[in-house]
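One-letter residues, chain by chain:
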Amino acid sequence: QVQLVESGGGLVQPGGSLRLSCVASTSIFSSLTMRWYRQAPGKERELVAQITGGGSTVYADSVKGRFTISRDNAKNTVYLQMNSLKPEDTAVYYCNVPSYVNVWGQGTQVTVSS
């Protein structure tokens with residue numbers, strides 16, 4: 001099993017930036033594909049970005065060009081750098097390991113508002 005702890009959320013104005021972090025408690029972190037999801041009130045949880053153990057990345061169309069997913073295997077941490085934030089990015093952001101069944105952290109709130 002694996003435990004996930006997200007952090008880095010907060011309140012930011014439109015056009016601002018935030019960097020989210022997720023620490024995973026597993027000894028095989030470097031081999032794992034990691035994902036960031038988000039969920040806004042009244043909406044389903046959606047996949048935002050993914051990074052494989054080999055470093056390949058994919059992004060949702062809504063964040064492409066603005067968000068960057070990365071990882072630091074020495075720290076068992078995956079990051080989501082969010083730039084040019086929009087009000088529609090407001091959501092609770094979660095990280096996830098798709099090779100484990102139904103494992104989520106507590107999430108971190110991102111609010112984009114003027």
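Residues numbered from 1 in each chain as written. Predicted model: local features only at pLDDT ≥ 70, side-chain atom pairs only at ≥ 80, totals over all residues. Heavy atoms only, no water.

Undergrad: How should the side chain of R38 be read in this particular structure?
TA: Tracing the sequence through the fold places R38 in strand 4 (residues 34-39). Overall, R38 belongs to the buried group, its relative accessible area being 5%. Of the polar contacts made by the side chain of R38, one reaches the side chain of Y93; its length is 2.9 Å. Those residues in contact with R38, other than ones at most four positions away along the chain, are E44, R45, E46, V48, S62, V63, F67, E88, D89, A91, V92 and Y93. (Helix = DSSP H or I, 4+ residues; strand = E, 2+ residues; numbered from the N terminus. Buried < 20%, exposed > 50% of the residue type's maximum accessible area, 1.4 Å probe, protein only. Polar contact = N/O pair within 3.5 Å; in protein donor to acceptor, adjacent residues only side chain to side chain. Contact = heavy atoms within 4.5 Å.)

Undergrad: Before we go on, may I ask you to explain the nonpolar core in this structure?
TA: Counting 30 residues, the largest nonpolar core has L4, W36, L80, M82 and Y93 as its most contacted members. Where this core is concerned, the elements lending two or more residues are strand 3 (18-24), strand 4, strand 5 (46-51), strand 7 (67-72), strand 8 (77-82), strand 9 (91-96) and strand 10 (108-112). No other element matches strand 3, which puts 4 residues into this core. If sequence neighbours within four positions are ignored, Y93 has contacts with E6, L20, W36, Y37, R38, V48, F67, L80, M82, G107, T108 and V110. (Core = buried A, V, L, I, M, F, W, Y, C linked by side-chain atoms within 4.5 Å.)

Undergrad: What's the story with the sheet that holds strand 5 in this structure? I'm lost.
TA: Strand pairing within a sheet occurs via backbone hydrogen bonds; the two strands may be parallel or antiparallel. With mixed pairing, the 6 strands of this open sheet are ordered in space as 2-10-9-4-5-6. Sheet topology places strand 2 (10-12) and strand 6 (57-59) at the edges, where each strand pairs with a single neighbour. The average undirected angle you get between the axes of adjacent strands in this sheet is 25°. Of the strand pairs in this sheet, strand 9 and strand 10 are connected by 3 bridges, and their pairing is antiparallel. Residue pairing across strands places V92 opposite Q109, the latter belonging to strand 10. (Pairing = 2+ DSSP bridges. Axes fitted to C-alpha atoms, helices over the stretch in contact; angles between N-to-C directions.)

As far as function goes, none of this settles anything; it's purely spatial.
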